[in-house]
Amino acid sequence: MTQTAGDVVSALQEQLQQRGTTTGAPALPVHPRLAPAFPSGLRPGVVYSLLGSVSIALALLAGPSQRGAWCGVVGLPDLGVEAAAAWGVDLDRLVLVPAPTEQWVSTVAALAEVAGLVVASAPGRLSPGEVQRLTARLRTRRTSLVVIGNWPRAAATVHATTVGWDGLAQGHGALTRQHVRLDITERHQRRSVCLTIPEQP
Amino acid sequence: MSGEEDAAKAGGEGRAPGRSGALRVLLVWCPDWSIGAVQRAQGFDPDEQLALVDRGIVVACSATAREEGVEPGLRVRQAQHRCPDMTVLPHDPALELHEFEPVMRAIEDKIPGVHLVRPGLAAVRSKGASRFYGSDRAAAQTLLTHLRSYVDHDVRVAVADGLFAAEQAAYTTSIESPVAHLAPRESATFLAHLPISALEHEISSPRMLNVLRRMGIRTLGDLATLPRPDVHSRFGAAGLRAHQLAQGADAPALDPRRVPRDLTAATTFEPGTDQVEHIVATCSPSVDDLMASLTSDALLCNGIRVVIHTDDGRVSRRVWRHPWHFTAAEVLDRVRWQLDDLSADSECDDLTGEFLTRMITSVHVEPESVDSAAHHAPGLWGDRPDEHVVQTLTGLQHQLGHEGVLVSAVSGGRLLDERRVLRPWGDALPVPRERRLEQPWPGTVPGPPPATVFAEARPVQVLTDDRAGVVVDDRGEVSAAPTVLASDGPQRITAWAGPWPVQQRWWRGGAAYHRFQVVDAGGRAWLLLTDGRRWWAEARYD
C-alpha cells in the first residue's frame, strides 16, 4: 500500500514540528490591537515569556478566545475578569486555576489538553526534566503558553513597559488611555512596538 | 333575597346555561404547613418557639410562639420583643413545596388530577370521586383516613362549590370535626355571611378592602348585592374578581398538575460511617437508578439537592446547580464534595478539645430541577461542552479540589471585587438577569477596567512630602496632596485624582469609602480605597 502525497507532507510537517520549527502549523490569531507586535500571530506549541503587564496577557487571550478556543489562566488569583471581558475574551470558555500550588506543571499540562492558549504566572523552581516534559506536551498539543515572568529558553520574550497614562492630572481627571511599549526578543531579533490602550478613550 | 337573584343573573354571564358556575371542589388543607414543613425538615422540636420571616415581617409562627402573642404580620423586632427565645428563620417557599410533594402524591393515590393551590393546600374535582366513593362526604372521609395514615400532620378536608368557598369552609373545621361539607348551591349563602376580610389572601389590594369597609360593606353578601359593572368600573380587575368570589362564581376549572414520581435516591448507613469513599461507592447504585429513571421519563436534571444526615442530628442540605445536565459521576462528585465540606466543618467544631467526627447515617439525592429532554435538543442552551473538555477539567478538579478550578462572569456592583463572580467549574453561573449589569451603579470607576483586581484589598500607605499620612475627612476634603505611595516600596506619585465616594450600603452601617486613582513613578496606575485614614489598593492597572 502506497502512501499518498498528503500523508507524506503531513508526516514531514510532524517531524518539523517536533524539531521546534513552525512550518505549516496555523498560528494562533492575536487581537487586532496586538497585530503590529505579532504580525504572524502567536506560534502554536511554544512558550512566551511576558514581563511587566497583565493587560497584554489578557489581550493575547482575546485572539484564540474569539476564534472559539478554550483558554486557561493559572496562578493569577487577582485577575481582572472585567478587563478580560473588555478585551473580548469569551468568559464562558475561560478556565481559572487561581492557586495551583505544588501542582503547577500538572495543571498547565492538563489545561494544555483542552486549551488553545494558557496564561500562567511563573512557577517556583522546576527541574530541567519537568521543563522538557512540559514543553514536549505543549508542542504535541499545539497549545501555546504565556508565562508571566521569566522562563528558560522561551521562544520569545516580551517586555512591556508603560510609557505613560492619559487623563490623570494633579488632583483631577481620570485614567483614559495607557501607552505601552512592547520590546519583543525572538530568535535574537528585537522589535519594538508602541501601543495605545484603548485606542479610543 | 332579590340581591341573590340579581347576583345569579350577573354571575350567569358567559357561562353555559343550566350549569352552576363553580366547580365542586374537594380541598385538602394542612394548617400551619409552613411551620410544620420547617420543623420536620430541620429537625425542630414541635414545642420550640419558631417564626418564619420574609423581608422583616413574620409570615408564620409555631403554636407555642402564638401563645406568647406572636402573629403573622408583625415586624421581627416586635415579635422578638414578645417572645425573646424564639428562633427566627427565613421563609423558604421552595422547601415548603418540596415537603408538600408527598402529600400531593398521597392525594393522587386516591383521586387523580391534583391542583396545587399553595404549599399546604391542594384541591381535586370532587365529581368523579364522589361517584366512585358514593358521595362527597364518603370521598372526603376516605381521603382523610388515607392522608391521616400517610402524613404526620394535621389534615382537614372541605367540599364546596369553587376553590374559594372550599378554602373558607376548610377554615371553619377543627381537629375534632376535620371535614366541612357544603351542599351544592349552599356555598353562596355560606359566603354571604363571611366578613370582607376573607378576601385578603385572594386579592392583594388592602386599599380596596379598606374603601369597602368605610362604605359600610362588611360582609361578602353586602358586596355580592352591588351591581357587578359598578364594582368593576370602580375597582378594576381586583374588584371584578372580588365580586365574582363573593357571589360564589369561582373559576370553573382546576389546573391538575402532574405530580412527579418520587425519584429520591436514598442510601442509609447502619451503623453510621465517616469513610467518604465507602459512602460514595455505596450511593453509586442508587444514583445510577435515579439517572436511569430520569432517562426513562425522558427528563434531564440540572439541579440536585443532596441531604446528608449525621448521627448527632445535624442535617447538611445543599442544592447543586449545573450549567448542563448531570451525569451519575457528576452527581457522585457533588456528594463527595459535600461530605468533604462536612468533615472539614467537624474539625472546626472542636470545642471540648477532642477530635469530633460525625458519623453519616444517610445520604439522599433528590433531583431539584428537571426538564423534559425534548427542550434540550443538542446545540441549544444546556448543551454539554466537548466531552474531552469536561473530563479534563473535572479531572483537574479532583486533583485540586472543588474550588480549585473556576469559571467567571462579570456582575453588577460598586467594588471591583464584587463585579467579579467566580464559581467552581461545573456550578451554574448567575444568569444575565441575576448579574444586574444593566442597573446604574453610581460610584463605579470610569475608564478602562483594571487588569489586576485584588481578591482582598492590600494595605498600602499614602503619604505627603513630609512622610505624614494623607487623611480624608467626612466631607471628602484631602488633608494634603498625596505624593508618595508605599506598597512594595515607596514610589513617587506623579498624578492622582479623588476622592470619589463609594456609597456602599450605608444603611447597614457599612463604612463609607473614598476612591483615588494614582499613577506612580514606575508607570503603574492604582485604584486606592480609603476610609479616611487607612488605605488599601483595590486594583492595579498594569
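Use the structure listed above.
A quick note: this is a predicted structure, and the numbers were derived from the prediction, not measured.

How each quantity is defined
- Residues numbered from 1 in each chain as written.
- Chains lettered and ligands numbered in written order.
- Predicted model: local features only at pLDDT ≥ 70, side-chain atom pairs only at ≥ 80, totals over all residues.
- Heavy atoms only, no water.
- Helix = DSSP H or I, 4+ residues; strand = E, 2+ residues; numbered from the N terminus.
- Buried < 20%, exposed > 50% of the residue type's maximum accessible area, 1.4 Å probe, protein only.
- Contact = heavy atoms within 4.5 Å.
- Buried area = accessible area lost by both parts, 1.4 Å probe.
- Salt bridge = Lys/Arg side-chain N within 4 Å of Asp/Glu carboxyl O.
- Polar contact = N/O pair within 3.5 Å; in protein donor to acceptor, adjacent residues only side chain to side chain.
- Nonpolar A, V, L, I, M, F, W, Y, C, P; charged D, E, K, R; others polar.
- Pairing = 2+ DSSP bridges.
- 1 Å grid on protein atoms, 1.4 Å probe; cavity = no way out; pocket = protein on both sides within 12 Å on 5 of 7 lines; lining within 4 Å.
- Points joined across faces, edges and corners; volume = space filled by probe spheres on them.

### Considering the overall build of chain A
Consideration 1: Of the regular secondary structure elements, chain A holds five helices and nine strands.
Consideration 2: Starting at the N terminus and walking to the C terminus, you meet the elements of chain A as α-β-α-β-α-β-α-β-α-β-β-β-β-β.
Consideration 3: Put simply, chain A has 201 residues, and 51% of those count as buried.
Consideration 4: Counted over contacts in chain A with a minimum sequence separation of 6, partners at least 24 positions apart contribute 61%.

### Digging into the interface of chain A and chain B
Consideration 1: Between chain A and chain B, the contact holds 42 residues from the first and 45 residues from the second.
Consideration 2: Carbon and sulfur atoms supply 63% of the area buried between chain A and chain B, which totals about 3,400 Å² over both sides.
Consideration 3: Inspection of the chain A/chain B interface yields two salt bridges.
Consideration 4: Here chain A and chain B share 19 residue pairs in polar contact (both at pLDDT 80 or more) between them.
Consideration 5: Mapped by element, the contributors of at least two residues to the side of chain A that touches chain B are helix H2 (54-66), helix H3 (81-87), strand E3 (94-97), helix H4 (104-114), strand E6 (156-168), strand E7 (170-171) and strand E8 (173-186) of chain A.
Consideration 6: Ranked by residue count, the leading element in the side of chain A that touches chain B is H4 of chain A, at six residues.
Consideration 7: Residues of the side of chain A that touches chain B, tallied by class, amount to 25 nonpolar, 13 polar and four charged.
Consideration 8: Inspection of the sheet shows E7 of chain A paired to strand E17 (residues 490-502) of chain B by two bridges, in the parallel sense. Directly across from glycine 171 of chain A, in E17 of chain B, lies its bridge partner alanine 497 of chain B.

### What to know about unusual backbone geometry
Consideration 1: Backbone torsion omega between isoleucine 197 of chain A and proline 198 of chain A reads -20°, so that peptide bond is classified as cis.
Consideration 2: Turning to its location among the elements, proline 198 of chain A is positioned in the segment after strand E9 (189-197).
Consideration 3: With an omega of 0°, the peptide bond between glutamate 270 of chain B and proline 271 of chain B qualifies as cis.
Consideration 4: Within the secondary structure, proline 271 of chain B sits in strand E9 (residues 265-273).
Consideration 5: A positive phi angle, near 45°, is found at threonine 101 of chain A, a position not held by glycine.
Consideration 6: If you trace the backbone, threonine 101 of chain A turns up in the loop between E3 and H4.
Consideration 7: The exposure class of threonine 101 of chain A is exposed, given its relative accessible area of 61%.
Consideration 8: Of note, arginine 187 of chain A is a non-glycine position whose phi angle comes to about 50°, a positive value.

### Description of empty space enclosed by the protein
Consideration 1: For the coordinates displayed, the defined rule picks out four cavities of 30 Å³ or more.
Consideration 2: Reported here for the largest cavity is a volume of approximately 70 Å³.
Consideration 3: In terms of lining, the largest cavity is formed by Val73, Gly75, Leu76, Pro77, Leu79, Val81, Leu96, Val97 and Pro98 of chain A together with Leu406, Arg420 and Leu422 of chain B.
Consideration 4: Of all the secondary structure elements, the ones that give two or more residues to the lining of the largest cavity are E3 of chain A together with strand E14 (420-424) of chain B.

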